[in-house]
Amino acid sequence: MLSWLNECLWADWIWFPEGFGWMDLKDPDVILPQLPDLWAFIPVAIFFVAIRPIFERCVAIPLASLLGVRDKNRVRPHLNPLLEAHYCSSSKHPTQSSLEKLSKQTDFSVRQVQRWFKQRRNQDRPSKIKKFQEASWRFTFYFFAFFAGLATLIDKPWFYNMKRMWDNFPKMPLLPSQYWYYMIELGFYVSLLVSVASDVKRKDFKEQIVHHFATIVLIGFSWLVNYIRGGTLIMLAHDAADYLMESAKMFNYAGWKRTCNFIFIVFAVVFIITRLVIFPFCIIHATMVYPMTLYKPFFGFYFFNGLLLLLLMLHIFWAGLIIRMIIKFLPGNNIVEDERSDKEETESEDEDGSGDHNRTLKNGHIHNGHAPLNNNRQKLD
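The residue numbers shown here count from 1 along each chain, following its written sequence. Residues qualify for local features only when their pLDDT is at least 70, as the model is predicted, and side-chain atom pairs are given and counted only at 80 or more; totals for whole chains, interfaces and linings, by contrast, use all residues. Note: side-chain values were computed over all heavy atoms of the structure, leaving out hydrogens and water.

Asker: Which residues make up the overall build of the chain, and what values do they have?
Answerer: Looking only at helices and strands, one finds 15 helices and 0 strands in the chain. Using a 1.4 Å probe on the protein chains alone, a residue whose accessible area is under 20% of its type maximum counts as buried, one over 50% counts as exposed, and one in between counts as partly exposed. Burial analysis of the chain (381 residues in total) assigns 49% to the buried set. Note on contacts: a residue pair qualifies if any of its non-hydrogen atoms lie within 4.5 Å across the two residues. Within the chain, contacts between residues at least 6 apart in sequence are counted, and of these 81% link residues at least 24 apart. Looking at the chain as shown, the accessible area adds up to about 19300 Å², and 66% of this sits on carbon and sulfur atoms. Segments assigned H or I by DSSP are reported as helices when at least four residues long, segments assigned E as strands when at least two residues long, and all are numbered from the N terminus. Note on areas: these come from Shrake-Rupley sampling with a 1.4 Å probe, and a residue is covered only by the protein chains present in the view.

Asker: Which residues make up the nonpolar core, and what values do they have?
Answerer: Grouped together as the largest cluster of nonpolar side chains are 82 residues, with contacts concentrated most on Trp223, Tyr227, Phe264, Phe267, Phe279 and Ile322. Broken down by secondary-structure element, the contributors of at least two residues to this core are helix H2 (12-15), helix H4 (41-67), helix H8 (128-153), helix H10 (176-194), helix H11 (205-224), helix H12 (228-254), helix H13 (257-289) and helix H14 (299-329). Broken down by element, this core gets its largest block of residues, 13 residues, from H14. In this structure, Ala64, Val69, Phe132 and Met250 belong to the second largest nonpolar core, which totals 9 residues. What is meant by a nonpolar core is a set of buried Ala, Val, Leu, Ile, Met, Phe, Trp, Tyr and Cys residues, joined one to another through side-chain atoms within 4.5 Å.

Asker: So what's going on with the packing of aromatic side chains? Residues and values would help.
Answerer: For this analysis, a ring pair means two rings from Phe, Tyr or Trp (six-membered ring only for Trp) whose centres lie within 6.5 Å, classed as stacked if their planes differ by under 30 degrees, edge-to-face if by over 60, and tilted for the remaining angles. One pass over the full model with this rule turns up 46 aromatic pairs. Here the aromatic rings of Phe221 and Phe304 are separated by 6.2 Å at their centres, their planes lie at 35 degrees, and the arrangement is tilted. Here the residue Phe221 occupies a position in helix H11, and Phe304 occupies one in helix H14, the gap between them amounting to 83 residues. Take Phe304: its relative accessible area is 3%, and that puts it in the buried class. Here a set of aromatic residues connected by ring pairs shows up, and it is made of Trp15, Phe20, Trp166, Phe169, Phe221, Tyr227, Tyr295, Phe299, Phe303 and Phe304.

Asker: Let's hear about the pattern of salt bridges: which residues, and what values?
Answerer: Salt bridges are counted wherever a side-chain nitrogen of Lys or Arg sits within 4 Å of a carboxyl oxygen of Asp or Glu. If you walk through the whole model with that rule in mind, you get 9 salt bridges. Residues Lys296 and Glu18 are paired through a salt bridge, measuring 3.7 Å at the closest nitrogen-oxygen approach. With Lys296 in the loop between H13 and H14 and Glu18 in the loop between H2 and helix H3 (35-38), the pair connects residues that are 278 residues apart, well separated along the chain. The pair Lys296 / Glu18 is uniform in exposure class, with both members exposed. Linking Arg164 and Asp167 is a salt bridge whose minimum nitrogen-to-oxygen distance equals 2.3 Å. Looking at Arg164, the relative accessible area reads 35%, which means it is partly exposed. Look at Asp167 and you get partly exposed, because its relative accessible area is 30%. Within this structure, Lys130, Glu134, Arg138, Glu246 and Lys249 form a network of salt bridges that share partners.

Asker: Provide a residue-level description of the confidence of the model for the chain, including the pertinent values.
Answerer: Per-residue confidence from the prediction method is given by pLDDT, with values spanning 0 to 100. Across the chain, the average pLDDT comes to 82, with 83% of residues at or above 70. Here residues 347-379 is modelled with pLDDT under 50, and outside its nearest four sequence neighbours on either side it reaches 75 contacts, counting other chains as well.

Asker: I'd like a description of the packing of H8 against H12, backed by residues and values.
Answerer: Angles here are taken between N-to-C directions and fall from 0 to 180 degrees, while the axes themselves are lines fitted to C-alpha atoms, restricted in helices to the stretch in contact. Taken N-terminus to C-terminus, the directions of H8 and H12 make an angle of 145 degrees; their axes are 7 Å apart at the nearest point. Here H8 runs over H12; the crossing is left-handed. A crossing counts as left-handed when the near helix is turned anticlockwise from the far one by less than a right angle, and as right-handed when that turn is clockwise.

Asker: Can you explain the side chain of Glu134? Please cite residues and give values.
Answerer: Position of Glu134 among the secondary structure elements: in helix H8. In contact with Glu134, other than residues within four places in its own chain, are Arg52, Glu56, Ser198, Asp199 and Val200.

Asker: Describe the environment of Arg164, with residues and values.
Answerer: Position of Arg164 among the secondary structure elements: in the loop between helix H9 (157-160) and H10. Sequence separation between Arg164 and Arg229 is 65 residues, and the spatial gap between their C-alpha atoms is 8.9 Å. Aside from chain neighbours lying at most four places away, what touches Arg164 is Pro157, Trp158 and Arg229.

Below, the structure written as structure tokens:
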């Protein structure tokens, strides 16, 4: 039974166009991608997980100090077991009736209870230093990954004519630069999934998980069936904008508003060009439309392009957020606000219930989990 399932799973007609199969990847005269080689991503991922805290402590923190990143002094709420129990087990944003009930149980006024919950929520929010550490780590990887990928592809004919990615398919030789590009990218995205529990959680947390998982599956699948050329182009298109976004965050945390604003505008332009123009109209066209003129459709064709379309939908989702931020950013001279992040609550907010109401408006419960437009005060978080 297991043998039959294994044969069905790895049947040539599922993963390759008619006339091709796994035996085409067994040519002894050509270096081709093999499944055992893929496991090299595991030590790479372990290396990234191990080196990250060292980088954040020895590089990111001194850099944050150099750029002037400072955390606000947060008022710690006094210990109250009853309020703490409600905060941890019931709700971090108690309703008006709950506030009144807690007020009677603790002999606090409703306003004092509200203030305690605000201070407690602020205590749980990640510090600016922690956000800077994460942004600087991702910036460092994406920066070097993009330019290393560019160096890998700049002299390849399929970089300029993407239809050439199918030349001599599937017996396209694997180059050492392509091998390491793949292993490093795959290892990094696996490390992001491993560290996701300790990272700052933003409102697009689920979308980020879907993106990372789809990227890992896409990289692994393209390796197995030797879509290496297309895979490297996809990774390069994604890395092109990511390091700009992370650098904008870093300068925002440092309070360099003009620098942050400028980099964010450059990021938005690069993101739209690479993710909404080059990715769908060049790369997906070369993987979905052009192959139809060469081969009959097969399951692997639909699977690969289905993952690409999933990534494209995420790109459109994030592009909408970027455009919304730019619309709010352009009329004023303030800094851009990342709508994926919660803003820290201040003691000056109304404490008669309107503060929580305003927070609901800012971080409102809409289907995509992001805040609706609110005001022109903006901050890239």
